[in-house]
Amino acid sequence: MKLYDYKAGPNPRRVRIFLAEKGVDVPLVEVDILKREQKAPEFLAKNPIGSIPVLELDDGTCISESVAICRYFEEMYPDPPLFGQTPLEKAMIEMWLRRVELNFMVPVGMVWIHGHPLTARLVKQIPEAANQNRARVHLGYKLLNTQLATNTFIAGDDYTVVDAILLASLDFANGLVGVPYDEGLAHLKRWHDAVSARPSAQA
Ligand SMILES: N[C@@H](CCC(=O)N[C@@H](CS)C(=O)NCC(=O)O)C(=O)O
């Protein structure tokens, strides 16, 4: 088994954080996105979307999509449970995974694509799309801050896959994309400091 990885990318980092929380070690193969290695025919045979991360099993089966890869490891290594145990926990985790993806990571991605100099050579940028999505990112931060006012972690009292996914996405938004949250969002800051202090955050 091997995990096709890209050190600087937020989506492969989601999986690395998740694996660190599980205590599972998987050999990594670096794919250089800047050299467009993810669009080479051999790589497109593994993932036709041409994106990282991809988990390749020993029989050659390939799983892409960071959350799908995490789910595979959850089934293979159930302890500690990071996708919930009861029907309610599982539903809440699924709900927050979708909220983080759709209400936060999608607008972050739009700011990245339409508003960052590094992506300017890849697409015809629409500055208004970047501006509109900057506002959506800040709405996402507020949604998260409100949830964290009454919950230790995003989906409740326990650390789950949602925290791993959000940490990688939020660090990307705060760092390279340049859409940091307002530190007045005290609950979000408390959560960010706490999950960043876990050893898995180094992954
Ligand atoms: N929804 C996918 C997103 C994967 C993705 O966009 N990965 C980025 C790296 S962080 C990538 O490969 N970008 C290069 C490209 O799309 O060509 C996931 O969760 O795995």
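Residues numbered from 1 in each chain as written. Predicted model: local features only at pLDDT ≥ 70, side-chain atom pairs only at ≥ 80, totals over all residues. Heavy atoms only, no water.

## Topic: the packing of helix 1 (residues 10-22) against helix 6 (residues 161-174)
Alright, step 1. Orientation of helix 1 relative to helix 6, taken along the N-to-C sense of each, is 145 degrees, at an axis distance of 8 Å. The element helix 1 and its partner helix 6 pack so that their crossing is right-handed. Between helix 1 and helix 6, the residues in contact are P10, R13, R14, I17 and F18 and V161, A164, I165, L167, A168, S169, D171 and F172, respectively.
Alright, step 2. Its residues assigned to classes, the contact of helix 1 with helix 6 shows nine nonpolar, one polar and three charged. (Axes fitted to C-alpha atoms, helices over the stretch in contact; angles between N-to-C directions. Helix = DSSP H or I, 4+ residues; strand = E, 2+ residues; numbered from the N terminus. Left-handed = near helix turned anticlockwise from the far one by under 90°. Contact = heavy atoms within 4.5 Å. Nonpolar A, V, L, I, M, F, W, Y, C, P; charged D, E, K, R; others polar.)

## Observations regarding the environment of Q125
Alright, step 1. Tracing the backbone through its elements, the reader meets Q125 in the loop between helix 4 (87-115) and helix 5 (127-148).
Alright, step 2. You can call Q125 partly exposed: its relative accessible area is 24%.
Alright, step 3. Separated by 97 residues in the primary sequence, Q125 and L28 place their C-alpha atoms 33 Å from one another.
Alright, step 4. Among all residues touching Q125, those that are not within four sequence positions of it are W112, I113, H114, G115, H116, T119 and A120.
Alright, step 5. In this structure the side chain of Q125 is engaged in a polar contact, spanning 2.9 Å, whose partner is the backbone oxygen of H116. (Buried < 20%, exposed > 50% of the residue type's maximum accessible area, 1.4 Å probe, protein only. Polar contact = N/O pair within 3.5 Å; in protein donor to acceptor, adjacent residues only side chain to side chain.)

## A word on the sheet that holds strand 3 (residues 54-56)
Alright, step 1. Taking strand neighbours across the sheet as the criterion, the four strands line up as 2-1-3-4 in an open arrangement whose pairing is mixed. Strands with a single pairing partner mark the edges of an open sheet, and in this sheet they are strand 2 (28-30) and strand 4 (62-64). Along the sheet, successive strands turn relative to each other by an average axial angle of 25 degrees, direction set aside.
Alright, step 2. Bridge count between strand 3 and strand 4: three bridges; the pairing is antiparallel. Looking across to strand 4, one finds that L55 is bridged to I63.
Alright, step 3. Along the sheet, helix 3 (residues 66-76) makes contact with strand 1 (2-5), strand 3 and strand 4, crossing strand 4 at roughly 125 degrees. (Pairing = 2+ DSSP bridges.)

## Quick word on the site of the ligand
Alright, step 1. By nearness alone, 14 residues border the ligand, and Q38, K39, I52, E65 and S66 come closest of all.
Alright, step 2. Between the ligand and K39 there is a distance of 2.9 Å, counted from an oxygen atom to a side-chain nitrogen or oxygen.
Alright, step 3. With respect to the ligand, the backbone of I52 contributes an N or O atom lying 2.8 Å from a nitrogen atom.
Alright, step 4. Here the ligand, which alone exposes 510 Å², has 74% of that area covered by the protein.
Alright, step 5. It is helix 1 that contributes the most residues to the shell around the ligand, four residues altogether.
Alright, step 6. Of the residues belonging to the shell around the ligand, the class tally is five nonpolar, six polar and three charged. (Near = heavy atom within 4 Å. Areas by Shrake-Rupley, 256 points an atom, 1.4 Å probe, with all protein chains shown as cover.)

## Some points on the domain arrangement of the protein chain
Alright, step 1. Each assigned domain of the protein chain is listed with its residue range as follows: domain 1 (2-76) and domain 2 (87-202).
Alright, step 2. One C-alpha centre belongs to domain 1, the other to domain 2; they are set 21 Å apart.
Alright, step 3. Approximately 1,400 Å² of surface area, both sides summed, lies buried where domain 1 meets domain 2, with 59% of it carried by carbon and sulfur atoms.
Alright, step 4. When the area that domain 1 buries against domain 2 is broken down by residue, the three leading residues are R13, R14 and E21, summing to 42%.
Alright, step 5. The tally of links between domain 1 and domain 2 comes to seven residue pairs in polar contact (both at pLDDT 80 or more).
Alright, step 6. Residue assignment for the side of domain 1 that touches domain 2 shows that the elements contributing at least two residues are helix 1 and helix 3. (Domains from an automatic or database assignment. Buried area = accessible area lost by both parts, 1.4 Å probe.)

## Remarks on helix 7 (residues 186-196)
Alright, step 1. Residues L188, W191, H192 and V195 constitute the buried set of helix 7. Within helix 7, the buried residues cover an arc of 100 degrees as seen down the axis, which keeps them to one side.
Alright, step 2. Close packing links the buried residues of helix 7 with helix 5 and helix 6. (Arc of directions from axis to C-beta.)

## Here's the deal with the pairing of strand 1
Alright, step 1. With three bridges joining them, strand 1 and strand 3 adopt antiparallel strand pairing. Looking at the pairing, K2 lines up with E56 of strand 3.
Alright, step 2. Across three bridges, strand 1 lies against strand 2 in parallel orientation. The residue bridging Y4 from the neighbouring strand is V29, located in strand 2.
Alright, step 3. Assessed by its sense of winding, the connection that carries the chain from strand 1 through helix 1 to strand 2 is right-handed. (Right-handed = clockwise from strand over helix to strand, strands pointing away.)

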